[in-house]
Amino acid sequence: MAKPQTVASNKYNAKAYDSLRIVVKKGYKDTVQAHAAAMGESINGFVNRAIREQMQRDLCARDCPSAKETEHEV
């Protein structure tokens, strides 16, 4: 039987968070984990940061004028 704290934590997590599963080649998890630790992050924190930063770059690439375009407008 699960401890009440574990049950409560699992219930909260199911309500508050979505879960993503990523798959990497054997051994690569250790590389990612070491990098995240070197950055002072957990794997989850590192992956979340990587996703946020890439999404921001993607949006900017799509929506922001490039440096070349703004040079010609001056």
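The text that follows walks through the structure, step by step, so that each part is easy to find. Just so you know, these numbers come straight off a predicted model, no measurement behind them.

This brings us to the layout of surface pockets. Of the volumes computed, that of the largest pocket is approximately 450 Å³. Secondary structure elements with two or more residues in the lining of the largest pocket: helix 2 (28-38) and helix 3 (43-63). Per element, the largest residue contribution to the lining of the largest pocket is six residues, and it comes from helix 3. Split into classes, the residues belonging to the lining of the largest pocket amount to nine nonpolar, three polar and four charged.

Moving on, we come to the pattern of salt bridges. Taken as a whole and judged by the stated rule, the model has three salt bridges. One salt bridge in this structure joins Glu41 and Arg49, with 2.9 Å as the shortest N-O distance. Residue classification places Glu41 among the partly exposed residues on the basis of a relative accessible area of 22%. Note that Arg49 is salt-bridged to Glu53, the shortest N-O span being 3.4 Å. On the criterion of helical spacing, the pair formed by Arg49 and Glu53 is a turn pair, its members being four residues apart in helix 3. Several salt bridges share partner residues, and in doing so they unite Glu41, Arg49 and Glu53 into one network.

Turning our eyes to something else, we now look at a nonpolar patch on the surface. A surface patch of nonpolar side chains, about 330 Å² in accessible area, is lined by Leu20, Ile51 and Met55. The residue Ile51 is located in helix 3 in this model. The exposure class of Ile51 is partly exposed, given its relative accessible area of 35%.

The rules behind each value
Sequence order as written defines residue numbering, which begins from 1 separately in each chain. Reporting of local features is limited, given that this is a predicted model, to residues whose pLDDT is at least 70; pairs of side-chain atoms are given and counted only at 80 or more, and all residues count toward the totals for whole chains, interfaces and linings. With hydrogens and water set aside, each side-chain value is computed from the structure's full complement of heavy atoms. Whether a set of points on the 1 Å grid over the protein atoms alone is a cavity depends on a 1.4 Å probe fitting there but being unable to get out, while an open set qualifies as a pocket with protein on both sides within 12 Å along at least five of seven lines; lining residues are those with an atom within 4 Å of a point. Grid points are joined across faces, edges and corners, and a volume is the space filled by probe spheres set on the points. For helices the rule is a DSSP run of H or I covering at least 4 residues; for strands it is a run of E covering at least 2, with both sets numbered from the N terminus onward. Gly is placed with the polar residues, together with every amino acid not listed as nonpolar (Ala, Val, Leu, Ile, Met, Phe, Trp, Tyr, Cys and Pro) or charged (Asp, Glu, Lys and Arg). When a carboxyl oxygen of Asp or Glu is within 4 Å of a side-chain nitrogen of Lys or Arg, the pair counts as a salt bridge. The buried label goes to any residue with under 20% of its type's maximum accessible area, the exposed label to any with over 50%, and the partly exposed label to all in between, with areas taken from a 1.4 Å probe on protein chains only. Residues forming no salt bridge and having over 30% relative accessible area are the ones grouped into patches, like charges within 9 Å of each other and nonpolar side chains (Val, Leu, Ile, Met, Phe, Trp, Tyr) within 5 Å. What sets the accessible areas is the Shrake-Rupley method with a 1.4 Å probe; for residues, cover comes only from the shown protein chains.

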